[in-house]
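Letter by letter, the chains look like this.
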Amino acid sequence: MLGYDEVMTDPTACPSDAPSAEDELRAQLERGDAVARSIVPILRHLLAAEDSGLFSDEIVARVRGMVSDIAGQLIGEPDDEKSPDESLSVLTDMLADNAALLTHLHALALEWQLTERLHARLSLDAVLSPLMQALVASAEPATSALAMQVLAAQARFCQTQRRMQLQLAELPGDLLHAVLVSARTFAGIEPEADARAAEREASIRQGYDEGSTRLAMLSRLVADLGTGATAALSIEHAGAGLFLSALAAGSGLDRDAAVLATHETQRARLALALRRAGLKAPGVNEQLLAFHSDLGVPESVMRIGAEDAAVLLGESGSGWRT
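We now turn to the structure provided with this report.

About the thresholds
Residues numbered from 1 in each chain as written. Predicted model: local features only at pLDDT ≥ 70, side-chain atom pairs only at ≥ 80, totals over all residues. Heavy atoms only, no water. Helix = DSSP H or I, 4+ residues; strand = E, 2+ residues; numbered from the N terminus. Buried < 20%, exposed > 50% of the residue type's maximum accessible area, 1.4 Å probe, protein only. Contact = heavy atoms within 4.5 Å. Areas by Shrake-Rupley, 256 points an atom, 1.4 Å probe, with all protein chains shown as cover. Expected span 1.5 Å × (residues − 1). Arc of directions from axis to C-beta. Core = buried A, V, L, I, M, F, W, Y, C linked by side-chain atoms within 4.5 Å. Axes fitted to C-alpha atoms, helices over the stretch in contact; angles between N-to-C directions. Parallel < 35°, antiparallel > 145°, perpendicular 65-115°, else oblique. Left-handed = near helix turned anticlockwise from the far one by under 90°. Nonpolar A, V, L, I, M, F, W, Y, C, P; charged D, E, K, R; others polar. Polar contact = N/O pair within 3.5 Å; in protein donor to acceptor, adjacent residues only side chain to side chain.

## With respect to the overall build of the protein chain
Part 1 of the argument: Helix and strand counts for the protein chain come out as 15 helices and 0 strands.
Part 2 of the argument: Here the protein chain, with 322 residues, has 46% of them falling under the buried criterion.
Part 3 of the argument: The contacts in the protein chain between residues at least 6 apart in sequence include a share of 72% that link residues at least 24 apart.
Part 4 of the argument: Surface exposure of the protein chain reaches about 15600 Å², of which carbon and sulfur atoms provide 53%.

Set out below in structure tokens:
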């Protein structure tokens, strides 16, 4: 099968034998889907490994830290008679069985890795990108106020990622519900914790506002940009957080899948997502080089329109929002 940068050079080959741009991209998406499907099983295996010294992958360490931190917040202050480490370990293992949670935490770890890489390579501030700076200074009071809230949320995200932590209040609503159900099950295993666990769950649910999470506010900021949202499709201009939310909104991918699309194994998905989001071929080319300057740009993408990109993404199994 032809790769991105290979060309048909056999003069005896019939034109009909040459794969179409759509066929080439479908093949790349299928390989990308296989990589995406392997993420959760591999993470589960690595998180369960007792000898973490065998795995130096910073992403796995970060996911492990976030799962443990979430478990600690759910448990709260343990009884003096019980071993806090034992309780934490049991609930951490329960949470690590949640594929959707692992996928989301993996995406956050990838986003932070991208944020750090942009800072190291381009000196791009992790909180205040050029586009965010312009939005904060907007003449529209509502836009400026929302941008300020996003800045504060992004600063908290950076702080917690450095500590390999994640606040419960930053989880999407469906995942918060899932981890609370796990905590309820854990309390059932520990009958004496029932009353305290129920009180803690009620308090968490009462204080939760999905609209105030970083991801929700980023999504609203992208929506507020309207037709100007294509400005956020420049990673060097928008910064990682805003770029990824704009990519998700414009392409139809869910945000976790949009984050994964920036990995080098997913170049076809990133190219199609950018095309679907409204970038012309030169803009797609520029962004692919910004992410993977050492890799060739898939020529087939340059022959694909936005509508065809949407069809190909819809056929792919990973991350398409219905």
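Back to the write-up after that little detour.
## Quick word on helix α9 (residues 214-225)
Part 1 of the argument: A rise of 1.5 Å per residue sets the reference length of α9, with its 12 residues, at 16 Å; its end C-alpha atoms lie 17 Å apart and thus fit the reference within 8%.
Part 2 of the argument: Within α9, the full set of buried residues consists of Arg214, Leu215, Met217, Leu218, Leu221, Val222 and Leu225. The buried residues of α9 all sit within an arc of 165° when viewed along its axis, so they share a single face.
Part 3 of the argument: Those residues of α9 hidden inside the fold are in contact with α4 (99-122), α5 (130-136), α6 (141-162), α11 (240-251) and α12 (255-260).
Part 4 of the argument: Downstream of α9 by a residue or two, glycine 226 has a phi angle that is positive, lying close to 60°.

## Describing the nonpolar core
Most often, soluble globular proteins keep nonpolar side chains buried together rather than apart.
Part 1 of the argument: With 90 residues, the main nonpolar core has Ile70, Leu74, Leu95, Leu105, Leu171, Val179 and Leu242 as its most contacted residues.
Part 2 of the argument: If we ignore the near neighbours within four places in the chain, the residues touching leucine 242 are Leu131, Met132, Leu135, Leu218, Leu221, Val222 and Ala232.

## Quick look at the packing of helix α13 (residues 267-276) against helix α14 (residues 281-291)
Part 1 of the argument: Where α13 meets α14, the closest approach of the two axes is 9 Å, and the angle between their N-to-C directions is 140°. As far as their axial angle goes, α14 and α13 are oblique. Crossing of α13 against α14: the hand is right-handed. Counted together, Arg267, Leu270, Ala271, Leu274 and Arg275 of α13 and Ala281, Val284, Gln287, Leu288 and Phe291 of α14 form the full contact between these two elements.
Part 2 of the argument: Partitioned by chemical class, the residues of the contact of α13 with α14 number 7 nonpolar, 1 polar and 2 charged.

## Here we look at the packing of α6 against α9
Pairs of packed helices are described in terms of their axes, by the angle between the two and the distance that separates them.
Part 1 of the argument: Put simply, α6 and α9 touch, their axes get as near as 9 Å, and they point 145° apart. Note that α6 runs across α9; the crossing there is left-handed. Here α6 contributes Thr143, Leu146, Ala147, Gln149, Val150, Ala153, Gln154 and Phe157 to the contact with α9, which in turn contributes Arg214, Met217, Leu218, Arg220, Leu221 and Asp224.
Part 2 of the argument: Residue composition of the contact of α6 with α9, by class: 8 nonpolar, 3 polar and 3 charged.

## Focus on the environment of arginine 214
Part 1 of the argument: Mapping arginine 214 onto the fold places it in helix α9.
Part 2 of the argument: The spacing of arginine 214 and alanine 169 is 45 residues in sequence and 9.7 Å in space, taken between C-alpha atoms.
Part 3 of the argument: Setting aside residues no more than four positions away along its own chain, arginine 214 makes contact with Leu108, Glu111, Ala153, Gln154, Phe157, Glu170, Gly241 and Arg255.
Part 4 of the argument: In this structure the side chain of arginine 214 is engaged in a polar contact, spanning 3.0 Å, whose partner is the side chain of glutamine 154.

Take it as geometry only, folks, not as evidence of what the structure does.
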